[in-house]
Each structure stands twice: as C-alpha cells, then as structure tokens.
Amino acid sequence: MIEEGLTAAEVIQLQDQYVMKCVEPWNEKVFVKGKGSTLWDIEGQEYLDCFSGVSVINIGHAHPKMVAAVSDQINRLTHLSTLYRTAPMPILAKKLAEIVPMGEGRSKSFFCNSGTEANEHAITLARIATKKFEIFGLQNGFYGRGGFTMSITGLGAWRSGLGPFMSGTLHLPMYHCYRCPLGHHHYSECGYACANYLKIALKTQTSNRTAAVVVEPIQGIGGIVEAPPDYFKVLKPILEENQILLIVDEVQTGFGRTGMMFGIEHYGVEPDVVTLAKGLGGGLPIGAVVAKPEIADTFPGPDFATFGGNPVSCRAALAAIEVTQEEGLVKNSAEVGEFLKAGLVELSKHHPFLDDVEGKGLFIGAEITTDKEKKTPASNIVMTRILDEALKEKMLIGRGGLYYNRIRFQPPLCFTRKEAERTLEVFEKALTIAEGAA
Ligand SMILES: Cc1ncc(COP(=O)(O)O)c(C=O)c1O
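Every chain is numbered on its own, with residues counted from 1 as its sequence reads. Predicted model: local features are reported for residues with pLDDT of at least 70 only, side-chain atom pairs are reported and counted for 80 or more only, and whole-chain, interface and lining totals are derived from all residues. Remark: hydrogens and water are excluded; side-chain values derive from all non-hydrogen atoms of the structure.

### Some details on the pairing of strand β10 (residues 245-249)
Point 1. Exposure is judged per residue with a 1.4 Å probe applied to protein chains only, and the accessible area is read against the type maximum: over 50% gives exposed, under 20% gives buried, and values in between give partly exposed. Think of it this way: any DSSP run of H or I at least four residues long counts as a helix, any run of E at least two long counts as a strand, and we number them from the N terminus. Across the 5 residues that make up β10, a large majority, 5, are buried.
Point 2. The alternating pattern of β10 places Leu245, Ile247 and Asp249 on one face and Leu246 and Val248 on the opposite face, and all of these are buried.
Point 3. At least two DSSP bridges between two strands are needed for those strands to be called paired. As paired elements, strand β7 (residues 210-215) and β10 share 4 bridges and run parallel to each other. Pairing of Val215 across the sheet is with Val248, part of β10.
Point 4. Bridge count between β10 and strand β11 (residues 273-276): 3 bridges; the pairing is parallel. Paired with Ile247 across the two strands is Val273, which belongs to β11.

Shown next as structure tokens:
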C-alpha cells in the first residue's frame, strides 16, 4: 500500500503543497479502497459510494473480472501505440459496433484517453466529413476542457473565466423545462421550442456552414437534466434537412447508467457519431468516438493519440462491458433507479428545499431551492451543508447544475434496493439539517 504509514493530514498536506490548486476536492477524506458500492478511507471508515467517481465505476469498485483482465494484460503487453497492431483495440471496436445504437455492426471507432479528447475528435471528424465548420453545443451542457469542447460548453463556471472562445461555436437553448431560457413552462405547451430554435439560429447566427450539434441525452454536469421525451425526434429532421450531423455525447450516460445501454436509446433516434469515456473503461482511462463508417472513413488521417487503443485500457473496457451484460446491470440500473427516483419525488412533496427531480436509471438529479415558487437556487452554504452532512453519515453524493445547486445521485450500477433505501434515509437527514439551519 503506497499510503502505508501516512495520515490523512499528511496526504492533504502533500496535495496542498505539490498539486495545483485548481484541483479542488469536495472534502478532506482520503480514500484508499473500494469494493462494489463501498469505499474505505485511510482511517478505515466505510462509506456508501453514490457518485461512482462521476459515472465511471459503473460495474462497482474492484470487480474481480476487471482485476483479472487488467492484470493479465499488464503482465504481457502494457503499451505499444497504434503505430503497431495489437488485438484488444479492434476486438473492443467490434464489441462497440455491436452495442452502440447505430445499426448493429455498422460503426467504426477511434480510441483516445478521455471524454474531452473524444468530443474534440468527433468535432474534427464532423468538420472533415461535412466540409463545414460551425458547431453547436447546448446551454447547460458540458463537453470537456479542450478548445472546441470548452467553447461549446454551456456552463460559465466551467469556462475558467477564459475567452474569447473559438469562432464558429454556438449554443442551443437548454432543454430544462424547469428553467426554460425561452420563458416556456413545459414541452407539451411550446412544441419543443428549444429544439426548433435551431431553425432560426441557422438563419441568424451561422453562415449556413454547420457541421454538427453535440448533445447529451441527459446533461450530467448540468445537474442531471433530462432531454424531454421527443426532443431528439424534433431536432433530428432539422439536422437532416440541413445536412448537419448529430453527435451524441454518451460520456456520462453510456453503459447502462440511464437504465438503457446508451442514453439515446430512450429517444428513438439514431446518432451519426457517439462519444464515450468514463464508464467505458470501468475505472481505467479511455475515450472513444464511434461513427457510421461512411462518416468515419472520410477522415484519412493520420490521427493518433499516444495512449489511444492502449491494450490495458481496451481489456478493461471489454471486461466492463462483459460484466455489465452478464450481471444484468442495465436492468438493475433501471429498476433500482426507478425506486430511488420515486423516493426522491416523494421527499420533494414534503421538503421545502427539494424540487425538480429528474433522471433515468441510476442517474438522478434533484434541485435544491430555498423558495420553490421563485425557484431560488440554494446557496453554496446550503449545498455544502447537505454534502457534508451526508458525508458524516458515510455517504458520497455529488453536486452540479447551472447554479451548482443540484444534488447528483449516480452510484455504481450494482447498487441494491437496500443501498437505495439507505441513500434516501441519509439524504433526507442531511436535507432536513440544511433546511433547519438556513
Ligand atoms: C458529458 C460529458 N462529456 C465530456 C466530458 C469530459 O470528459 P473528461 O473529463 O474525461 O475529459 C464530461 C466530463 O465530466 C462529461 O460529463
């Protein structure tokens, strides 16, 4: 154990002195071990993980199949680069072609290291394939920390106070009915004005050279906000009419997180390109762009990511997909997620600070507001209190949203109903304390 003999205070001191300040931990616990949905800190205290390292640990911590696959590969061949052929990468590409909702077997993949890189590559590919250059993201969307991805990210807090951003990058209105930027109340009344807005945006804000729209089916960092039911069915014909590609960012929503293998499957449309990371590698760093072959093949290259297609990461991804399928984790995500969401909706009826609960599967967001009528976002003090009180009860939950006032529940997909019950108990206790103190 590398941390043998170290105290939490010593680890914190090391981080404060040697790690850049922009890395901001949410608390002072130092975690050393995980198994399934359980974590242990350096003092041996046990916690319930309701965040999965941001939707990464979908199959649970330290799954034996993952450990075996990674150990086997690392012992034989750790890295070579894609300049030389190895087997795990094309085997993984075939597996992805079988499961990504793009017409079975009809896709080709490019591998990289992260969600940012996957989205950057997808955008480059779309620009090459269409010979056009404008790219739309969504308000409240998060796409990464690169040039294009930070530019299309629709959350000011994640733009690091920088600018100007890349020209030719634009935003569609967010699809969050609870805070509709177009002043509507519900998609049933406005006929999906947020999706239809693209028609006017193309005519007024672009030079009609739009290559792609990049959309998360459910916005993650945006606080777990669902695209309304027919959002993509309204958007897709507008894209087709204008020969614009639909890039679906499944970085958070992929691999069973939403109770389907991919988030877009809830919406009945076929994407042109899908981007993947986080849960793909079950904990190891890997990103992927999956595209229809006729799009993929327009990019002759060369393109290269030093660690892209790394054999160890690819074996980890294959093991994670196998576990997800063999252990019925997608179904479990749907069932336990439904139970957890129903419990949160029930709590929202009785708690003054808990409003809008959204999400699918084990991907649920809950708005914390100090005035439900005015939808006043809860302050940082209230939000920190909720997270801290949950931590005192040995539970990790997340936070996000436009005003950073949404609680995010995204536990490993092996989460049990009993663990969901515990989550509700702890969250209610933390919420009650925060309400009482405000
Ligand atoms: C939807 C989405 N896309 C892209 C990214 C960027 O991924 P990464 O942090 O692996 O670069 C994230 C990260 O949280 C994300 O949530």
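Resuming the write-up.
### Observations regarding the packing of helix α8 (residues 193-205) against helix α9 (residues 231-241)
Point 1. Structural elements are reduced to axes, namely lines fitted to C-alpha atoms, with helices fitted over the stretch in contact, and the angle between N-to-C directions of any two is expressed from 0 to 180 degrees. As a packed pair, α8 and α9 sit with axes 8 Å apart at the nearest point and diverge in direction by 10°. The angle between α8 and α9 falls in the class roughly parallel. Residues Cys194, Ala195, Asn196, Leu198 and Lys199 of α8 pack against Tyr231, Val234, Leu235, Ile238 and Leu239 of α9. In these notes the angle categories are as follows: under 35 degrees is roughly parallel, over 145 is roughly antiparallel, 65 to 115 is roughly perpendicular, and the rest is oblique. Note on contacts: a residue pair is in contact if any heavy atoms of the two residues lie within 4.5 Å.

### Notes on the packing of aromatic side chains
Point 1. Classification of ring pairs rests on two measures: the distance between centres of Phe, Tyr or Trp rings, Trp counted by its six-membered ring, which must be within 6.5 Å, and the angle between planes, read as stacked under 30 degrees, edge-to-face over 60 and tilted in between. Per the stated rule, a full pass over the model turns up 9 aromatic pairs.
Point 2. Where Trp26 meets Phe51, the ring centres are 5.5 Å apart and the plane angle is 40°; that geometry is what we call tilted. Separated by 25 residues along the polypeptide, Trp26 in the loop between α1 (8-18) and β1 (31-35) and Phe51 in the loop between β3 (46-49) and α2 (52-55) bring together distant segments of the chain.
Point 3. Judged by relative accessible area, Trp26 falls into the partly exposed class, the value being 40%.
Point 4. The rings of Tyr175, Tyr231, Phe232 and Tyr267 are connected pair by pair, giving a single aromatic cluster.
Point 5. Counting as a charge over the ring demands two things of the Lys NZ or Arg CZ atom: a distance within 6 Å of the ring centre and an angle within 35 degrees of the ring normal. Between the NZ or CZ atom of Lys33 and the centre of the ring of Trp40, over which it lies, the distance is 4.7 Å.
Point 6. If you follow Arg159 out to its NZ or CZ, it ends over the ring of Phe165, 4.0 Å from the centre.

### Describing the sheet that holds strand β12 (residues 287-291)
Point 1. Here we have 7 strands laid out as an open sheet, ordered β4-β12-β11-β10-β7-β5-β6, and mixed in their pairing. Since the sheet does not close on itself, it has two edges, and those belong to β4 (108-112) and β6 (169-172), each with one partner. Each strand of the sheet is rotated relative to its neighbour by a mean of 20°, with strand direction disregarded.
Point 2. Bridge analysis of strand β5 (residues 134-138) against β7 gives 3 bridges, and the strand direction is parallel. In the strand pairing of β7, Phe136 is matched with Val213.
Point 3. Relative to the sheet, helix α4 (residues 88-99) contacts β4, β11 and β12, its axis offset from that of β4 by approximately 125°.

### Side note on the site of the ligand
Point 1. The local shell around the ligand holds 13 residues, among which Gly115, Thr116, Asp249, Gln252 and Lys278 are the closest.
Point 2. For this analysis, a polar contact is any N or O atom pair within 3.5 Å, provided that within protein one partner can donate a hydrogen and the other can accept it, and provided that sequence-adjacent residues contribute only side-chain to side-chain pairs. Between the ligand and the protein, one listed contact pairs an oxygen atom with a backbone N or O atom of Gly115 at 2.8 Å.
Point 3. Here an oxygen atom of the ligand sits 2.6 Å away from a polar atom, N or O, in the side chain of Thr116.
Point 4. Only the protein chains shown count as cover for residues, and the accessible areas themselves come from Shrake-Rupley with a 1.4 Å probe. Protein chains shield 84% of the accessible area of the ligand, which is 390 Å² for the free molecule.
Point 5. Here the shell around the ligand gets 3 residues from one element, more than from any other, and that element is helix α5 (residues 115-130).
Point 6. Think of it as three bins: nonpolar holds Ala, Val, Leu, Ile, Met, Phe, Trp, Tyr, Cys and Pro, charged holds Asp, Glu, Lys and Arg, and polar takes everything else, Gly as well. A per-class count over the shell around the ligand returns 4 nonpolar, 6 polar and 3 charged. Any residue with a heavy atom lying within 4 Å of a molecule or strand is counted as near it.

### Observations regarding the domain arrangement of the protein chain
Point 1. Segmentation into domains, and thus their bounds, comes from an automatic or database assignment. Parsing the protein chain into structural domains produces domain 1 (8-59 + 328-437) and domain 2 (66-326).
Point 2. With 39 residues of domain 1 at the contact, the number on the domain 2 side is 37 residues.
Point 3. With both chains or domains summed, domain 1 and domain 2 bury close to 3000 Å², and 57% of this area falls on carbon and sulfur atoms.
Point 4. When a carboxyl oxygen of Asp or Glu lies within 4 Å of a side-chain nitrogen of Lys or Arg, that pair is called a salt bridge. Our enumeration of links across domain 1 and domain 2 arrives at 3 salt bridges.
Point 5. Put simply, Glu367 and Arg179 hold a salt bridge, and the shortest N to O gap is 2.6 Å.
Point 6. Seen at the junction of domain 1 and domain 2, the total is 31 residue pairs in polar contact (both at pLDDT 80 or more).
Point 7. Elements with a contribution of two residues or more to the side of domain 1 that touches domain 2: α2, α12 (329-350), β13 (354-359), β14 (364-371) and β18 (406-409).
Point 8. In the side of domain 1 that touches domain 2, the residues fall into 17 nonpolar, 13 polar and 9 charged. Accessible-area loss on putting two parts together, using a 1.4 Å probe and summing over both, is the definition of buried area adopted here.

### Remarks on the pairing of β3
Point 1. Here strand β2 (residues 38-41) runs beside β3; their pairing, made up of 3 bridges, is antiparallel. Its bridge partner lying in β3, Trp40 is registered against Glu46.
Point 2. Bridging between β3 and strand β16 (residues 395-396) involves 2 bridges; their strand directions are parallel. Pairing of Leu48 across the sheet is with Met395, part of β16.

### Points about the sheet that holds β3
In a beta sheet, neighbouring strands are held together by backbone hydrogen bonds and run either parallel or antiparallel to one another.
Point 1. Taken together, the 4 strands give an open sheet; going across it, the order is β1-β2-β3-β16, and neighbouring strands pair in mixed fashion. Pairing within the sheet leaves two strands with one partner each, and these edge strands are β1 and β16.

### Some words on a nonpolar patch on the surface
Point 1. Residues forming no salt bridge and having over 30% relative accessible area are the ones grouped into patches, like charges within 9 Å of each other and nonpolar side chains (Val, Leu, Ile, Met, Phe, Trp, Tyr) within 5 Å. A surface patch of nonpolar side chains, amounting to about 590 Å² of accessible area, comprises Leu6, Leu14, Tyr18, Val19, Met20 and Val23.
Point 2. Relative to the helices and strands, Met20 resides in the loop between α1 and β1.

### A few points about the environment of Ala320
Point 1. Summarising the element assignment, Ala320 is placed in helix α11 (residues 311-326).
Point 2. With 41 residues separating them in the primary sequence, Ala320 and Gly279 have C-alpha atoms 8.0 Å apart.
Point 3. If sequence neighbours within four positions are ignored, Ala320 has contacts with Ile59, Met66, Gly279, Leu280, Gly281 and Gly282.

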